[in-house]
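# Structural description and commentary
The chain contents come next:
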Amino acid sequence: MARVIQWATGVTGMMALRHVVQRPDLELVGVRVYDPAKSGVDAGELCGLPLAGVTATDDRDAVINADADIVLYMGKVETDTPGCFRDVCDLLASGKNVIATGSRFIHPRSLDAGLADGIESACRAGSSSFLGLGLYPGFIGESLTPILARLSARTTHIGVREVLNYSTYASHDLIFNAMGFGHHPEDTTPLLSNPEYAASAWIGSATVLTQALGLEIKGFKGYREVITTPRALTVAAGHIPEGTVAAMRFGVNVDCGELTLSVEHLTRMADDLAPDWPADIGYEVTFTGEPDMRLHFVVGSEGQDHAEQGCLATAMHAINTIPAVLAAEPGLYDLSTITRHSRTGG
């Protein structure tokens with residue numbers, strides 16, 4: 001039975017916590033929270049289940065020094081990259097394996113060689129393993145697309161896209177401070193107003209995909225487009241004034257020589273905004289070549305909150321990958337390498 005620590009209890013983290021508590025093959029041994037109001041609360045009570053006998057804590061060092069096999073790390077890496085990488089390195093050096101969600105964990109070396117070196121050093125110190133994953137990024141492009149490529153005789157372009165309505169997503173920090181909803185288009189305060197930063201959200205996903213396909217990245221360019229709202233909107237994360245950003249698409253275009261690749265995210269706060277942009281909720285993978293192919297994948301059924309269901313899928317991807325990470329030799333992995341270095345030879 002794997003001993004698990006759940007690090008962070010936001011939307012995705014709370015879903016992960018609930019399933020860890022209920023899984024017979026997993027033993028919850030720690031919960032790291034940031035909200036003082038959650039500290040001291042039983043993990044079961046925290047996620048709406050019977051008492052689990054594990055108390056959540058906001059004491060970072062206590063969690064790092066706890067005894068566990070693996071940590072499901074779901075801190076806010078998009079808004080505190082240095083802090084989250086520091087957490088992960090300390091956990092790895094303490095001897096605990098780590099599975100982390102968040103775009104900046106998907107392929108750390110494509111983001112920053114120094115950050116990747118830090119993770120690799122921590123893995124050596126603690127004889128531990130690290131894997132970044134998710135849904136998008138962290139699954140759709142990295143796992144589904146290479147499978148579809150088996151059907152292709154010739155490909156000139158691969159496109160991977162996510163389309164969502166985030167009006168029900170309640171994270172103020174992500175929606176306003178990171179993505180820039182509710183700001184004027186010319187405001188450079190939000191993190192994603194910088195096209196290079198926007199590109200960094202997806203270059204890891206593109207890198208893992210090109211590795212899986214045996215391609216070489218020759219160059220890439222990030223982009224971000226926004227649409228303002230003609231009326232004020234009230235969404236789960238807060239208030240979006242008239243004339244401010246309420247729809248955006250951002251991503252990266254990658255040159256691989258004879259083949260080009262695009263990975264992008266498109267979000268609206270109301271379905272009628274940006275009518276000229278793709279509108280079908282879900283995930284799309286397209287191949288241009290012989291044959292042309294299009295896969296449209298939806299997480300959640302009609303009437304369900306697709307953003308919420310996507311968070312559940314992300315949580316389950318992390319939980320269901322625990323055996324592969326525990327079986328891997330110590331080191332830094334991504335979804336194109338994790339199955340190649342198993343202690344059991346898988």
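Residues numbered from 1 in each chain as written. Predicted model: local features only at pLDDT ≥ 70, side-chain atom pairs only at ≥ 80, totals over all residues. Heavy atoms only, no water.

As recorded by an unreviewed UniProt entry, the chain carries the name 2,4-diaminopentanoate dehydrogenase C-terminal domain-containing protein and is attributed to Mycolicibacter hiberniae.

What follows covers the pairing of strand S13 (residues 293–297). Looking along a regular strand, one sees side chains alternate from face to face of the sheet. In the sheet, strand S12 (residues 282–290) pairs with S13 via five bridges, with the strands oriented antiparallel. Residue pairing for S13: Tyr283 is matched across the bridge by Phe297. Where S12 folds back on S13, the antiparallel hairpin that results is connected by two residues. (Pairing = 2+ DSSP bridges. Helix = DSSP H or I, 4+ residues; strand = E, 2+ residues; numbered from the N terminus.)

On to the sheet that holds S13. Taken together, the six strands give an open sheet; going across it, the order is S7-S10-S11-S6-S12-S13, and neighbouring strands pair in mixed fashion. Single-partner strands in this sheet number two, and they are strand S7 (219–228) and S13. Between one strand and the next, the sheet's axes are offset by a mean angle of 10°, whatever the strand orientation. Pairing analysis gives nine bridges linking strand S6 (residues 154–165) to strand S11 (residues 260–268), with the strands arranged parallel. The residue bridging Leu164 from the neighbouring strand is Thr267, located in S11. Where helix H9 (residues 195–213) meets the sheet, it contacts S6, S7, strand S10 (245–255) and S11, and its direction lies at approximately 45° from that of S10. (Axes fitted to C-alpha atoms, helices over the stretch in contact; angles between N-to-C directions. Contact = heavy atoms within 4.5 Å.)

In this section: the packing of aromatic side chains. Summed over the entire model, instances satisfying the criterion amount to nine aromatic pairs. Arranged with centres 5.0 Å apart and planes meeting at 50°, the rings of Tyr136 and Trp202 form a pair that is tilted. Linking Tyr136 in the loop between strand S5 (129–133) and helix H7 (140–148) with Trp202 in helix H9, this pair joins segments that are 66 residues apart in sequence. When the centroid spacing of 5.2 Å and the interplanar angle of 20° are considered together, the rings of Tyr166 and Tyr169 count as stacked. The same class applies to Tyr166 as to Tyr169, namely buried. By way of ring pairs, the aromatic residues Trp7, Tyr73, Phe85, Phe105 and Phe130 are connected into one cluster. (Phe/Tyr/Trp six-rings, centres within 6.5 Å; stacked < 30°, edge-to-face > 60°. Buried < 20%, exposed > 50% of the residue type's maximum accessible area, 1.4 Å probe, protein only.)

Below, the discussion takes up the UniProt feature "domain: 2,4-diaminopentanoate dehydrogenase C-terminal" (unreviewed entry) in the chain. Here, UniProt's "domain: 2,4-diaminopentanoate dehydrogenase C-terminal" (unreviewed entry) annotation points to residues 153–336. Secondary structure across residues 153–336 divides into 26% helix and 35% strand, with the first and last C-alpha atoms of the span separated by 22 Å. (UniProt positions renumbered as here; feature names shortened; annotations may be inferred.)

All right, on to the environment of Val4 then. Within the fold, Val4 resides in strand S1 (residues 2–7). A C-alpha to C-alpha distance of 33 Å links Val4 and Glu264, two positions 260 residues apart in sequence. Those residues within four positions of Val4 in sequence are excluded, and the remaining contacts are Val20, Leu26, Glu27, Leu28, Val29, Gly30, Ile70, Leu72 and Ile322.

Below, the discussion takes up the pattern of salt bridges. Two side chains carrying opposite charge are able to pair once their charged atoms lie near each other. The tally for this structure, following the rule as stated, stands at 16 salt bridges. Note that Asp25 and Arg23 form a salt bridge whose closest N and O atoms lie 3.0 Å from each other. The residue Arg294 makes a salt bridge to Asp280 at a minimum N-O spacing of 3.8 Å. Of this pair, Arg294 sits in strand S13 while Asp280 is found in the loop between S11 and S12, placing the two residues 14 residues apart along the sequence. A relative accessible area of 53% places Arg294 in the exposed class. Look at the salt bridges and you will find they share partners, linking Arg161, Arg249, Glu264, Asp280, Glu284 and Arg294 into a network. (Salt bridge = Lys/Arg side-chain N within 4 Å of Asp/Glu carboxyl O.)

Attention now goes to the pairing of S11. S11 sits mainly inside the fold: eight of its nine residues count as buried. Following S10, the chain reverses through four residues before pairing antiparallel with S11; Gly257 in that reversal takes a positive phi of roughly 90°.

What follows deals with the nonpolar core. Core analysis: the largest hydrophobic core is formed by 109 residues, its most contacted members being Leu72 and Tyr73. Counting only domains with at least three residues in this core, you end up with domain 1 (2–132 + 309–342) and domain 2 (143–298). Not counting residues within four places of it along the chain, the set of residues in contact with Leu72 comprises Val4, Ile5, Gln6, Trp7, Ala16, Val20, Ile99, Ala318, Ile319 and Ile322. (Core = buried A, V, L, I, M, F, W, Y, C linked by side-chain atoms within 4.5 Å. Domains from an automatic or database assignment.)

Attention now goes to unusual backbone geometry. Cis geometry marks the peptide bond from Tyr136 to Pro137; its omega dihedral reads 0°. Looking at where Pro137 falls in the secondary structure, it is placed in the loop between S5 and H7. In this structure, the amide linkage connecting Glu290 to the following residue, Pro291, adopts the cis form with an omega of -5°. The residue Ala8 is not glycine, and still its phi comes out positive at about 90°.

Moving on, we come to the packing of helix H1 (residues 11–22) against helix H10 (residues 306–320). Angle between the axes and distance between the axes are the two parameters that describe a pair of packed helices. In the contact formed by H1 and H10, the axes pass within 8 Å of each other and the chain directions differ by 50°. By the angle between their directions, the pair H1 and H10 is classed as oblique. The element H1 and its partner H10 pack so that their crossing is right-handed. Contacts from Val11, Thr12, Met15, Ala16, His19 and Val20 in H1 reach Glu308, Cys311, Leu312, Thr314, Ala315, Met316 and Ile319 in H10. Residue composition of the contact of H1 with H10, grouped by class: nine nonpolar, three polar and one charged. (Parallel < 35°, antiparallel > 145°, perpendicular 65-115°, else oblique. Left-handed = near helix turned anticlockwise from the far one by under 90°. Nonpolar A, V, L, I, M, F, W, Y, C, P; charged D, E, K, R; others polar.)

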